[in-house]
Amino acid sequence: MNLDLDAAMGRALDLAAAAQEWGDTPIGAVVLGPDGAVLAEAANEREKTGDPTAHAEVLALRAAARVHGDGWRLTGCTLVVTLEPCTMCAGASVLSRVDRVVYGADDPKAGAAGSLWDVVRDRRLNHRPEVTAGVRAEESATLLRAFFRAQRGL
């Protein structure tokens, strides 16, 4: 298996930037299949759809489950996301059985892959994905900072 995490994060960053077009927080996610090919991708759509669960990770995991071929189990897959997953998205990663979670920027206010909580590696759960943090972290953080500065009118 050959995972090009830099390229996958680049695509997630492109998706994140696009989310700003509809006023959403710039977060993008890509799900790679066991062979490293892109199975699904998404950007945040909470503002676009009015759905509080329309986080990039959840949307990408749902789409990947439809095409993966093993039902809802995304065994062998990797979730690549620009920002550390929140508790909902970390839980969805565990429940979908992805092998790996790869993220860019840490989220000290809501991160659930090691920053504030560590849902994905909680030993009480029956599945614990491997976590890789910091892939193109500065690009992810810069995109988010610029978005929030603009939101505040700074």
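Source: prediction; values computed, not measured.

Trainee: Sorry, what's going on with the overall build of the protein chain here?
Mentor: Looking only at helices and strands, one finds five helices and five strands in the protein chain. Along the chain direction, N to C, the helices and strands of the protein chain fall in the order α-β-β-α-α-β-α-β-β-α. Computed over its C-alpha atoms, the radius of gyration of the protein chain comes to 14 Å, within 12% of the 15 Å expected for a compact globule of 154 residues. Taken along the three principal axes of its C-alpha coordinates, the protein chain extends 45 × 30 × 30 Å. For the protein chain, the proportion of its 154 residues judged to be buried stands at 48%.

Trainee: Would you mind going over unusual backbone geometry with me for this structure?
Mentor: Both trends apply: most residues other than glycine have a negative phi, and most peptide bonds are in trans. Positive phi values are uncommon outside glycine, yet Arg97 reaches one of about 70 degrees. Mapped onto the secondary structure, Arg97 falls in the loop between α4 (87-96) and β4 (100-105). Within the chain, Arg136 stands out as a residue other than glycine whose phi angle is a positive 55 degrees.

Trainee: Just to check I follow, could you spell out the environment of His68 for this structure?
Mentor: Note that His68 resides in helix α3 (residues 56-68). You can call His68 buried: its relative accessible area is 19%. When the C-alpha positions of His68 and Met9 are compared, they lie 20 Å apart, and in sequence the two are 59 residues distant. Setting aside residues no more than four positions away along its own chain, His68 makes contact with Pro34, Leu39, Arg73, Leu74, Thr75 and Cys77. In this structure the side chain of His68 is engaged in a polar contact, spanning 3.4 Å, whose partner is the backbone oxygen of Thr75.

Trainee: Explain the layout of surface pockets to me, please; I cannot follow it from the model alone.
Mentor: Gaps left between atoms are located by rolling a probe of water-molecule size over the structure's atoms. Estimated volume of the largest pocket: approximately 570 Å³. Looking at the lining of the largest pocket element by element, the count peaks at four residues for helix α5 (residues 137-151). Taken together, the residues of the lining of the largest pocket break down into ten nonpolar, three polar and eight charged.

Rules used in this analysis
Residues numbered from 1 in each chain as written. Predicted model: local features only at pLDDT ≥ 70, side-chain atom pairs only at ≥ 80, totals over all residues. Heavy atoms only, no water. Helix = DSSP H or I, 4+ residues; strand = E, 2+ residues; numbered from the N terminus. Rg over C-alpha atoms; globule rule 2.2 N^0.38 Å. Buried < 20%, exposed > 50% of the residue type's maximum accessible area, 1.4 Å probe, protein only. Contact = heavy atoms within 4.5 Å. Polar contact = N/O pair within 3.5 Å; in protein donor to acceptor, adjacent residues only side chain to side chain. 1 Å grid on protein atoms, 1.4 Å probe; cavity = no way out; pocket = protein on both sides within 12 Å on 5 of 7 lines; lining within 4 Å. Points joined across faces, edges and corners; volume = space filled by probe spheres on them. Nonpolar A, V, L, I, M, F, W, Y, C, P; charged D, E, K, R; others polar.

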